[in-house]
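Chain residues, written in single-letter form:
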Amino acid sequence: FGPLVAAYYDFSDWILPPELVINRFLKILMDQTAYIATKSAIYVTLVGVLAGRPVGECVEEVKARLWGILTAAWRFWPLVHCV
C-alpha cells in the first residue's frame, strides 16, 4: 500500500493545497470518506483473496465490515489529522 498511499497524498496536496486553511478540513473530509472506504475495501478484499477465499465471498465481507471500519475510523483519525 505504501506507494499508493504516497500517490494519494501527493494527489490530495495537488488538488487541495494545504497552505489554504479550508483545504485542511476538505482533506480530512476526503480522507475520511472516499479514501478510507476505498483503501479498506481493497485491503479486506486482498486479505480474503490471499487467504484463498472466492472474490464474491470477499466482496460480501467488505459489505458486511465496511460500515464498522468507517465508523471506528471516524472516532479516531479526524483528531489525529488535527495534531
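This text goes with the structure placed above it.
Residues numbered from 1 in each chain as written. Predicted model: local features only at pLDDT ≥ 70, side-chain atom pairs only at ≥ 80, totals over all residues. Heavy atoms only, no water.

1. Things to note about helix α2 (residues 21–50)
For α2, built from 30 residues, the straight-helix expectation of 44 Å at 1.5 Å per residue is met to within 8% by its first-to-last C-alpha distance of 41 Å. Remark: the principal bend of α2, roughly 40°, maps to Y35. Turning to α2, its buried residues number three or more, namely N23, K27, I28, M30, D31, Q32, Y35, I36, S40, V44 and G48. Immediately beyond the C-terminal end of α2, within one or two residues, lies G52, with a positive phi of roughly 95°. (Helix = DSSP H or I, 4+ residues; strand = E, 2+ residues; numbered from the N terminus. Expected span 1.5 Å × (residues − 1). Bend = angle between axes of the 7 residues up to and from the residue. Buried < 20%, exposed > 50% of the residue type's maximum accessible area, 1.4 Å probe, protein only.)

2. With respect to the packing of aromatic side chains
Evaluated as defined, the whole model comprises six aromatic pairs. For the pair Y8 and Y9, a centre-to-centre distance of 5.0 Å together with 70° between the ring planes defines the contact as edge-to-face. Using a relative accessible area of 31% as the deciding quantity, one classes Y9 as partly exposed. Measuring from ring centre to ring centre gives 4.7 Å for F76 and W77, while their planes differ by 80°; the resulting arrangement is edge-to-face. Classification of W77 by relative accessible area gives partly exposed; the value is 40%. (Phe/Tyr/Trp six-rings, centres within 6.5 Å; stacked < 30°, edge-to-face > 60°.)

3. Observations regarding the pattern of salt bridges
Per the counting criterion, the structure on display carries five salt bridges. Between K27 and D13 there is a salt bridge, and its shortest N-O distance comes to 2.1 Å. Of the two residues, K27 is situated in helix α2 and D13 in helix α1 (residues 2–15); the sequence distance between them amounts to 14 residues. Judged by its relative accessible area of 33%, D13 falls in the partly exposed class. Several salt bridges converge on common partners, so that one network encompasses R53, E57, E61 and R65. (Salt bridge = Lys/Arg side-chain N within 4 Å of Asp/Glu carboxyl O.)

4. Structural notes on a nonpolar patch on the surface
Where nonpolar side chains cluster on the molecular surface, the patch consists of F1, L4, I42, Y43, L46, V47 and L50 and spans about 720 Å² of accessible area. The greatest single-element share of the nonpolar patch, amounting to five residues, is contributed by α2. By the element assignment, I42 lies in helix α2. (Patch = residues over 30% accessible without salt bridge, like charges linked within 9 Å, V, L, I, M, F, W, Y side chains within 5 Å. Areas by Shrake-Rupley, 256 points an atom, 1.4 Å probe, with all protein chains shown as cover.)

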